[in-house]
Amino acid sequence: MRSTSMATRKTVTASSSAVLLAMITGCADTAAPGASPTDSSAQTAQGEAPAQWSYEGATGPQHWGELEDEFTTCGTGAAQSPINVPGDPVLSSEPIELDYTASDFQARDTGHTVELESTSPQNITVDGTEYTFKQMHYHAPSEHTLDGVNYAAEFHFVHQSDDGDLAVIGVLAAEGEDNPAWSLVIEAVPAAQDEDSAEVTGLALSSLLPESLDHYEYDGSLTTPPCSENVRWLLLQSPIELGTTQISELRSAHSDNNRPTQPLNDREVAQVDQ
Ligand SMILES: [Zn+2]
């Protein structure tokens, strides 16, 4: 497990306290009612501790499939994520329709990442199927690679349909100019570590996305145990930019929490221009 020791904690500045109303929860492992599929979905059954998995050594990605019966797919699955998106994707499909509105969010440190859950319903529609937003979290560096290239970070906007299928919008982040649109999210990361959870107010998810929603689409899996293969991946083609300090804030909380790319096998990656 990655340590969330005191050493990595940061003091929330006066300006960020104004927008982050820290809230203490009783127990960090308590799943919310109707818990979403999350990076902490390794929790096996009510009352049991989450299985121990990590990004290195004996509990690292190469061994996830052996750690728990429920994790077998991590080792045996043939449609796993992330992948390297090859340079020549050929198919096309439906656009992503966003139905995001400004909302308040709860930020929570799962031990592997920090994730934000919305307090009001947010939806997307892809190819006639509506998916409800569950949570957004990050990996640093990126998990997907584009033609072999890694990015500084990758954000996953996780959605679920009524049938239980997942659609994840992946947003790659390159190191560059400071990005004010992301400041509320970045400030929530150390706050969530310090206080178990933190509130982000008045954030529209659409403001976090690049202008173009052109994306690569393929069928894959969760990139964390149990690695379930019911994920429609929508990886946006245009990376966003984050400043050096913003990237550092993310990495201070969780870094190297990226699963290595998995074999594409006989899957095809569609490039969707919209
Ligand atoms: Zn993820």
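Preceding this paragraph is the structure being described.
These lines cover the structure that appears in this document, whether it is placed above or below. (Residues numbered from 1 in each chain as written. Predicted model: local features only at pLDDT ≥ 70, side-chain atom pairs only at ≥ 80, totals over all residues. Heavy atoms only, no water.)

We now examine the packing of helix H4 (residues 183-195) against helix H5 (residues 244-253). Interhelical geometry of H4 versus H5 gives an angle of 25° and a closest axis separation of 9 Å. Between H4 and H5, the angle falls in the class roughly parallel. Note that H4 runs across H5; the crossing there is left-handed. Residues Ser183, Ile186, Val189, Pro190 and Gln193 of H4 form the contact with H5, whose own contacting residues are Gln246, Glu249, Leu250, Ser252 and Ala253. Looking at side-chain class alone, the contact of H4 with H5 contains five nonpolar, four polar and one charged residues. (Axes fitted to C-alpha atoms, helices over the stretch in contact; angles between N-to-C directions. Helix = DSSP H or I, 4+ residues; strand = E, 2+ residues; numbered from the N terminus. Parallel < 35°, antiparallel > 145°, perpendicular 65-115°, else oblique. Left-handed = near helix turned anticlockwise from the far one by under 90°. Contact = heavy atoms within 4.5 Å. Nonpolar A, V, L, I, M, F, W, Y, C, P; charged D, E, K, R; others polar.)

Turning next to the packing of aromatic side chains. Each aromatic ring pair is described using two quantities: the centre-to-centre distance and the angle formed by the ring planes. Taken as a whole and judged by the stated rule, the model has seven aromatic pairs. Relative to Tyr55, the ring of Trp53 lies with its centre 5.6 Å away and its plane at 75°, an arrangement referred to as edge-to-face. Taking the relative accessible area as the measure of exposure, Tyr55 reaches 14% and is therefore buried. Plain terms: the ring middles of Phe155 and Trp182 are 4.1 Å apart, the flat faces sit at 40° to each other, and that makes the pair tilted. Of this pair, Phe155 sits in strand S8 (residues 153-160) while Trp182 sits in the loop between strand S9 (166-176) and H4, and the two are 27 residues apart along the sequence. By relative accessible area, which is 1% here, Trp182 ends up buried. One aromatic cluster is present, built from ring pairs that chain together Trp53, Tyr55 and Trp64. (Phe/Tyr/Trp six-rings, centres within 6.5 Å; stacked < 30°, edge-to-face > 60°. Buried < 20%, exposed > 50% of the residue type's maximum accessible area, 1.4 Å probe, protein only.)

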